[in-house]
Amino acid sequence: MVIAELKLFISILLPLASILFILRGESRTIMTFLLFGLAAEVLSNCLGSYIFGFSGDSLFFSNNISPAVEEVLKGLPILFLVFAVKPKRQIIYEASIAVGIGFAVMENALIISQDVHSMSLGIAFLRGIGAGMMHAVCTLAVGYGMSFIYRKKRFFVPGTFLFLFMAMVYHSIFNTLVQSQYQPVGLCIPILTFIPLIIHIIKEYPNDACESI
Amino acid sequence: MEYLSVISSAAAFLVSGLAFTYGALKLLKINTLAYFHFLIWGVACFMLLSLSACVNYLCNAAYEPYISIGSFGSLGVYIAFLCANSGVLDKIVDEKLPETRKYRYIALIVPVLALVAVTWLFSAYFKKGNTVSGIIMVALCIPMISSCYFNIKHLLLPADAMGILKATAGCNAMCLVFTLIEFLYMFAVSFDALVFANLFFFLRSVALLLLMIFSVKGAKKWLLQN
C-alpha cells in the first residue's frame, strides 16, 4: 500500500517538480506549495495507517483521527511560510489553496487508482469537486486565519490552534457525511463554503483588514 | 431520546449559523477590529460543533459528547474568546495600575470556584468510567476558565477614558453567560439528564446570537468614541 502510494507520488511529483526550474517568483512559490500538498498526503497516509493499527475502528478513525492528522500535516507548510518568510496576505492565500489542491490531487489519484474499473465517471467528477474543494477550503481557512494573526505574537499560537480546530471539525463533518446516506449533502457543503470564502477574500485584497489593532 | 439530540443540535446549528452570518456581514463591513473578528470565529467554531453533533447523531448512533473531534469546536470557541480578551482587549484597557489591583483579585474568585466544579465533574466522569471524556473536558476547561477570568475582570474594571469597556460590556456579559451554560451542560451530561443537556446545548447558540447582536452595537460605539 505504502509502496504503491510512493510510486504514484514519484510519478506525479517528478514532472511537476521539473517545472520549478522554469517558473519564477510567485508562480514558483505556488507550485512548490502544491508539491508540499502532495507530500503532506503521502505522509498523512503513512501516519494514518500507523495510527489505524491502534484504533482499528475504521469509521471512528476516518471521522475523528484522520481529519486531525491531515489538517495538521497540511497546516505545516503554511506555518513554515508564514513563520519563516512572512509574505503578503495574497501569497499566503494562494499557497494555502495550492497545498489543499495538491493534497486533494494525490488523494483522488490514490483512491481512483485503487479501484479504477468500478468507479464511474460521475463519482470521479463528484470526488474531484467535493474532496478537492473541501481540502482547499480547510487549508484556505487555516491560511486565512494565519494571515490575520501572524503579525501579533501574543495570539499566534492559540490563533493557529483555533483555525486548525475549525478545519478539523469541518473536515470531520465532510468525512462523516460522505460515508453515510447523506453523501450528496456532504459533497455540496464544500461548494457552499468555498464560494463565500473566496468572495470575501477577493473583496479583502485591496485593504489589509485588522491593521488598526 | 436520540431525536431530541438531533433537534437540539440542528436548532443550535441554525441559530449559530444565523449569528455567524449576521456577525460576519455586519462586523466585517463596519470595522477592522481584531477583538470582534475573534468573537466571530468563536461563533463559527460553535456553528461547526453543532453541525458536527447533528451530523454524528444522524449518521452514527454511538455519538458521545466530549469524545469526538467536535469537542475541538468547543475548545476553539474558548480559544477565540481568550484571544479576544487577553490578546486584544486586555492590552488596551488594563494598564495594571495599583488602583485596579482589587478588581483583578476579585475576578480570580470565579476561576477558583470553576476549578472546584471541574474537579467534581472530572471525578463524576471518572466514576462513570468515562476517563477520556473527563480528560478532554479538563483540557477544555483551561481556556474556558481563563476567558471567564478576563470577562469578569473587564466587567468589573472602572470605565476607561476611551469608552472601550462600556462598548464591550455586553459582549463580556454574553461570553460569561455562554460559559455558564456550558458548565450547566457539562453537569447535565454527567448526571445523564439528557433533556437538560439538549436544552443547554441549544441555549448556548442563543447566547452566541445575543453576543453577535451586542458585538455589532459595541463595534459601532467603539468606532464612534475613537
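Above this text you will find the structure in question.
Owing to the predicted nature of the structure, the values given are computational and were not obtained by experimental measurement.

Rules behind the numbers
All residue numbers refer to position in the chain's written sequence, counted from 1. Going through the entries in the order they are written, you letter the chains from A and number the ligands from 1. Per-residue local features are limited, in this predicted model, to residues with pLDDT of at least 70; the limit for side-chain atom pairs, both in listing and counting, is 80 or more; totals at the level of whole chains, interfaces and linings are taken over all residues. By convention in this description, side-chain values take in all heavy atoms of the structure and omit both hydrogens and water. Under the DSSP-based scheme used, a helix requires at least four consecutive residues in state H or I and a strand at least two consecutive residues in state E, with every element numbered from the N terminus. Based on C-alpha atoms, the radius of gyration is set beside the globule rule, defined as 2.2 Å times the residue count to the power 0.38. Each residue is placed in one exposure class: buried if its accessible area under a 1.4 Å probe, protein chains only, is under 20% of its type's maximum, exposed if it is over 50%, and partly exposed if it falls in between. The contact definition used throughout considers only heavy atoms, calling two residues in contact when any of these lie within 4.5 Å. Computed with the Shrake-Rupley method and a 1.4 Å probe, the accessible areas treat only the protein chains shown as cover for residues. For any pair of parts, buried area is found by adding up, for both, the accessible area (1.4 Å probe) each one loses once the two are put together. By convention in these notes, a salt bridge is any Lys or Arg side-chain nitrogen within 4 Å of a carboxyl oxygen on Asp or Glu. Identification of polar contacts relies on pairs of N or O atoms within 3.5 Å, with a donor-acceptor requirement for protein atoms, meaning one able to donate a hydrogen and the other able to accept it, and with residues adjacent in sequence counted only if both atoms are side-chain atoms. Three classes are used: nonpolar for Ala, Val, Leu, Ile, Met, Phe, Trp, Tyr, Cys and Pro, charged for Asp, Glu, Lys and Arg, and polar for all others, with Gly counted as polar. Every patch collects residues that have over 30% relative accessible area and no salt bridge, joining them within 9 Å if they carry like charges and within 5 Å if they are nonpolar side chains (Val, Leu, Ile, Met, Phe, Trp, Tyr). All tallies of charge rest on Lys and Arg as positive and Asp and Glu as negative; His and the ends of each chain are not included. Every charge is mapped to an atom, namely NZ of Lys, CZ of Arg, CG of Asp or CD of Glu. Helix axes are fitted to C-alpha atoms over the stretch in contact, other axes to C-alpha atoms as well, and angles between N-to-C directions run from 0 to 180 degrees. An angle below 35 degrees is read as roughly parallel, one above 145 as roughly antiparallel, one from 65 to 115 as roughly perpendicular, and any other as oblique.

Engineer: Mind showing me how you'd approach the overall build of chain B here?
Structural biologist: Along chain B, the regular secondary structure elements total eight helices and zero strands. Reading chain B from its N terminus to its C terminus gives the helix and strand order α-α-α-α-α-α-α-α. Here the C-alpha atoms of chain B give a radius of gyration of 18 Å, agreeing with the 17 Å that 2.2 N^0.38 yields for 226 residues. A buried classification covers 57% of the 226 residues belonging to chain B.

Engineer: Just checking my understanding: could you explain the overall build of chain A for this structure?
Structural biologist: Secondary structure assignment for chain A yields seven helices and zero strands. Relative to a compact globule of 213 residues, whose C-alpha radius of gyration would be 17 Å, chain A shows 17 Å and is just as compact. In terms of overall dimensions, chain A has a C-alpha envelope of 55 × 40 × 35 Å along the principal axes. Within chain A, the proportion of its 213 residues that are buried is 47%. For chain A, the proportion of contacts with a sequence separation of at least 24, taken over those separated by at least 6, is 73%. A total accessible area of about 10,200 Å² is found for chain A, and carbon and sulfur atoms account for 73% of it.

Engineer: Explain the interface of chain A and chain B to me, please; I cannot follow it from the model alone.
Structural biologist: Interfaces are often sized by the accessible area lost when the parts come together. With 33 residues of chain A at the contact, the number on the chain B side is 34 residues. A combined buried area of about 2,700 Å² lies between chain A and chain B, and 82% of that area is made up of carbon and sulfur atoms. Linking chain A with chain B are zero salt bridges. Viewed at the interface, chain B and chain A are joined by one residue pair in polar contact (both at pLDDT 80 or more). Of all elements in the fold, only α3 (58-85), α5 (121-149) and α6 (156-178) of chain A reach the threshold of two or more residues within the side of chain A that touches chain B. The greatest single-element share of the side of chain A that touches chain B, amounting to 14 residues, is contributed by α6 of chain A. Along the lines of polarity and charge, the residues of the side of chain A that touches chain B split into 23 nonpolar, eight polar and two charged.

Engineer: What is the right way to look at a positive patch on the surface in this model?
Structural biologist: Taken together, K203 of chain A together with K26, K29 and K220 of chain B make up a surface patch of like positive charges. Considering the arrangement of structural elements, one finds K203 of chain A in helix α7 (residues 183-204). Judged by its relative accessible area of 64%, K203 of chain A is exposed.

Engineer: Where do I start with the pattern of salt bridges in this structure?
Structural biologist: Between side chains of opposite charge, pairing is possible as soon as their charged atoms come close. Applying the stated rule across the entire model yields four salt bridges over all chains. With a shortest N-O distance of 3.1 Å, K74 of chain A and E71 of chain A are connected by a salt bridge. Of this pair, K74 of chain A and E71 of chain A both sit in helix α3, three residues apart, roughly one helical turn. One exposure class covers both K74 of chain A and E71 of chain A, and it is buried. Here D90 of chain B ties to K153 of chain B by a salt bridge, and the two come within 2.9 Å at their closest N and O atoms. Linking D90 of chain B in helix α3 (residues 71-93) with K153 of chain B in helix α6 (residues 131-156), this pair joins segments that are 63 residues apart in sequence. Judged by its relative accessible area of 7%, D90 of chain B falls in the buried class.

Engineer: Please clarify how the side chain of S50 of chain B should be interpreted in this entry.
Structural biologist: Along the chain, the position of S50 of chain B falls in helix α2 (residues 34-59). With near-sequence residues (within four places) excluded, S50 of chain B lies in contact with S9, A12, F13, S16 and F201 of chain B.

Engineer: Sorry, what's going on with the environment of I181 of chain B here?
Structural biologist: Here I181 of chain B is to be found in helix α7 (residues 164-190). When neighbours within four sequence positions are excluded, I181 of chain B is seen to be in contact with F200, L203, R204 and A207 of chain B.

Engineer: Would you explain the packing of α2 of chain B against α3 of chain B in this entry?
Structural biologist: All names here are of chain B. Two elements in contact, α2 and α3, have axes separated by 7 Å at closest approach and are oriented at 170 degrees. Put simply, α2 runs roughly antiparallel to α3. Touching A34, Y35, F38, L39, W41, G42, C45, F46 and L49 of α2 are S71, G73, S74, G76, V77, A80, F81, C83, A84, N85, V88 and L89, all from α3. By residue class, the composition of the contact of α2 with α3 is 15 nonpolar, six polar and no charged.

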